[in-house]
Structures are given as C-alpha cells and as structure tokens.
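A look at the structure
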Amino acid sequence: MRTNDEWIGALRGDGDAQAAALHELRGILVRAARFALQRRLGRVGSLDVDQLAEDCAQNALMAILDRLADFRGDSRFTTWAYKFAINM
C-alpha cells in the first residue's frame, strides 16, 4: 500500500513509476465507480454498469491529475481519489 507521498510522487513523476501508479489508481477508481453505480442504479445490465464505471474512472483520473496540487493530505490519498470516482 502506497503512502500519500508515494502516490503524489509517482503520479507527478514520469516513466515506469508513473505508469504503474496510473494503472493502480485506475483500478481503484473503476472499483469505486462500479460500487457507487450499483448502489445508485441497482441491478441493471452488468455490461452497462461496467462501461459506465470505466467512463467515470477515466473522468475521475483526469480530474485527479488536474487537481493533485489540491490534495492536502487530510485523509489517505485513495480516500480523496474515491470521491472523484463516486461523484463522477
């Protein structure tokens, strides 16, 4: 499990470390979005929820990268990131 500083450092970095952090964060965001969508939408076709979750995660990832400087460290980085996925 990454620390807040490790997340921020990797996401601001480049190369393999950044790619690995982006891949890991995207997976976290997809799971968070899928969970939120299933709670809100109930049981709709799993393909629909999966596609919506992918779209939400992608939008959340872009928003997170744009707002990295806003992260204050009041919570775990992943908790902060979840909010983006859930609110998308």
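Residues numbered from 1 in each chain as written. Predicted model: local features only at pLDDT ≥ 70, side-chain atom pairs only at ≥ 80, totals over all residues. Heavy atoms only, no water.

Quick word on the pattern of salt bridges
Overall, the coordinates contain five salt bridges when judged by the stated rule. The partner of arginine 34 in a salt bridge is aspartate 50, with the nearest N and O atoms 2.9 Å apart. Within this pair, whereas arginine 34 is found in helix 2 (residues 15-41), its partner aspartate 50 is found in helix 3 (residues 46-66), the two being separated by 16 residues in sequence. Among the residues examined, arginine 34 registers a relative accessible area of 26% and is labelled partly exposed. Between aspartate 70 and arginine 67 there is a salt bridge, and its shortest N-O distance comes to 2.8 Å. Take aspartate 70: its relative accessible area is 41%, and that puts it in the partly exposed class. Since its relative accessible area comes to 42%, arginine 67 is described here as partly exposed. (Salt bridge = Lys/Arg side-chain N within 4 Å of Asp/Glu carboxyl O. Helix = DSSP H or I, 4+ residues; strand = E, 2+ residues; numbered from the N terminus. Buried < 20%, exposed > 50% of the residue type's maximum accessible area, 1.4 Å probe, protein only.)

Here's the deal with the packing of aromatic side chains
For any pair of aromatic rings, the description rests on two quantities: the centre-to-centre distance and the angle between the ring planes. Across all of its chains, the model carries five aromatic pairs by this definition. An angle of 70° between the planes, with centres 4.9 Å apart, marks the rings of tryptophan 80 and phenylalanine 84 as edge-to-face. Taken together, the residues span about one helical turn, with tryptophan 80 and phenylalanine 84 both in helix 4 (residues 77-87) at a distance of four residues. Exposure class is identical for tryptophan 80 and phenylalanine 84. Each is buried. Put simply, the rings of Trp7, Phe71, Phe77, Trp80 and Phe84 pair up and form one aromatic cluster. Geometry around tryptophan 7 places arginine 2 over its ring, the cationic atom sitting 4.9 Å from the centre. (Phe/Tyr/Trp six-rings, centres within 6.5 Å; stacked < 30°, edge-to-face > 60°. Lys NZ or Arg CZ within 6 Å of the ring centre and 35° of its normal.)

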